[in-house]
Amino acid sequence: MIALDFLTWKNEYSSNPHVVFNGDNMDVLRKLHAMYDKQVSCIYIDPPYNNGEKYTYYSDVLSHEKWLKQMETVLTELKDFLKEDGSIWISIDDGEMHYLKVLCDSVFGRRSFVTTVIWQQRNTRENRKAFSNNHEYILVYSPNPELFKKKRNLLPVTEDVLARYQNPDNDPRGPWQSVTVNVQSGHAVASQFYEIVAPNGKVHTPPNGRCWIYNQERMEEEIALGNIWFGSDGNGVPRAKKFLKDRAPGVVPETLWLSSFVGTNKDAKTHLQALKIYNKDLFDTPKPETLIGQIIEIATNENELVMDAFLGSGTTISAAHKLNRNYIGIESEQQTCEYVMKRMEQVVAGEPGGISKKANWSGGGEVQFVV
């Protein structure tokens, strides 16, 4: 991996955006606008949390007002890079979370707010404080949330979801699960109130305050088609059969991301330690590839562009590289950037940690470092 100066990269290598810039993020971003405005599908940043802690190579102690001003400056700079259906994901903890939400509403517009993800970043108990704080937040914004909704990817169907589908009646259409056929009656019409006669003659009426989801004619058609389940003995409350073959090929992402699904800070440290380059003084709370990989998989497709303006340990570009995305990383500290270079050398060589198994990663590609 060869370090290039900015002009050499721009003139000769910029067509291959697998690149890390070592420099002040604001200076670098201003240079990139002409090339990448409206081109980025996903921005992830893990900025200083202003948590009052002093680390070996930087201090996370600012006045609240100065921290907010710095965040406003960088978010305003990042805004123009996003595609219309793109998204920005911002990690933060309790200390500044609510102020950052208000700031993001101001920078991106309240209508650009998509959601807040809650990440269980530790699964051990902290007994030194009044409460054991086990979670952080990820704020998600998009220039056009409706377009983002249409573009965003579903997550793979998990084993626990598949386990809900059974076939107790040996239906030739395959496994199914049952769902209720009665709903609240607040906005019901008269045709939704009637008696259902099961095949065995048992009569069913909707519970108090409820009505049937279909009118009587439609319900009788569904019963005739074998789409209504009355239990194994025929006496159960009617429920609709929903077949596995008809469901969407994935599941809608939820906002609660448990450690068992996307990992913890400890998992990230274990991964970095396995690379034999971990420096605890540089990265006290690195993010796991499983977390960032899920963000990238939801927000982007292969060959689309991911950006991280607070690159840190390099998890964003490591996950993006393994998932066949293009990426731009920016890191101000030279020592940290040298660390990222060593990490990416191992990624290119096919290191097996993080999301490598899930992504079927065995190595390849190249990364350009620009100073």
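The present account deals with the structure reproduced in this document. (Residues numbered from 1 in each chain as written. Predicted model: local features only at pLDDT ≥ 70, side-chain atom pairs only at ≥ 80, totals over all residues. Heavy atoms only, no water.)

Re the sheet that holds strand S14 (residues 239-243)
The condition that has to hold: In this scheme, strands are said to pair when DSSP sees at least two bridges between them. Comment: elements are numbered from the N terminus, with helices defined as DSSP H or I runs of at least four residues and strands as E runs of at least two.
On the basis of which strands lie adjacent, the open sheet formed by three strands has the order S8-S14-S13 and antiparallel pairing. Edge positions in the open sheet fall to strand S8 (176-180) and strand S13 (228-229), since each of these has one partner strand only. The pairing of S8 with S14 spans five bridges and is antiparallel. Along S14, the bridge assignment pairs Gln177 with Lys242.

Quick word on the pattern of salt bridges
The criterion, for reference: We count a salt bridge whenever a side-chain nitrogen from Lys or Arg sits within 4 Å of a carboxyl oxygen from Asp or Glu. Burial classes follow relative accessibility: with a 1.4 Å probe on protein chains only, a residue under 20% of its type's maximum area counts as buried, one over 50% as exposed, and anything between as partly exposed.
In this structure the tally under the stated criterion is 22 salt bridges. With a shortest N-O distance of 3.9 Å, Glu304 and Lys83 are connected by a salt bridge. In this pair, Glu304 sits in the loop between helix H10 (289-299) and strand S17 (305-308) while Lys83 sits in strand S4 (residues 82-92), placing the two residues 221 residues apart along the sequence. Here Asp171 ties to Arg173 by a salt bridge, and the two come within 3.0 Å at their closest N and O atoms. For Asp171, a relative accessible area of 9% puts it in the buried group. Look at Arg173 and you get partly exposed, because its relative accessible area is 30%. Residues joined in a network through salt bridges with shared partners are Lys83, Asp85, Lys151 and Glu304.

Some details on the packing of helix H1 (residues 6-13) against helix H2 (residues 25-36)
Here is the rule: Note on geometry: axes are C-alpha line fits, over the in-contact stretch for helices, and angles between N-to-C directions span 0 to 180 degrees. Here is the rule for angles: anything less than 35 degrees is roughly parallel, anything more than 145 is roughly antiparallel, 65 through 115 is roughly perpendicular, and the remaining ranges are oblique. Throughout, a contact is declared for two residues whenever any of their heavy atoms are within 4.5 Å. Ten residue types, Ala, Val, Leu, Ile, Met, Phe, Trp, Tyr, Cys and Pro, are classed as nonpolar, four, Asp, Glu, Lys and Arg, as charged, and the remainder, Gly among them, as polar.
Running from N to C, H1 and H2 cross one another at 10°; their axes reach a closest spacing of 12 Å. By the angle between their axes, H1 is roughly parallel relative to H2. In this structure, H1 uses Phe6, Trp9 and Lys10 to contact H2, whose residues at the interface are Lys31, Leu32, Met35 and Tyr36. Of the residues belonging to the contact of H1 with H2, the class tally is five nonpolar, no polar and two charged.

Some words on the packing of aromatic side chains
Each aromatic ring pair is summarised here by two numbers: the centre-to-centre distance and the angle between the ring planes. So the rule is basically this: Each Phe, Tyr or Trp ring, with Trp reduced to its six-membered ring, pairs with another whose centre is within 6.5 Å; inter-plane angles below 30 degrees give stacked pairs, above 60 give edge-to-face pairs, and intermediate values give tilted ones. Only Lys NZ and Arg CZ are tested; either one counts as a charge over a ring when it is within 6 Å of the ring centre and within 35 degrees of the ring normal.
On inspection of all chains with the given rule, the structure shows eight aromatic pairs. The ring centre of Phe6 lies 5.0 Å from the NZ or CZ of Lys31, which sits over that ring. Sitting over the ring of Phe113, Lys101 keeps its end group 4.2 Å from the ring centre.

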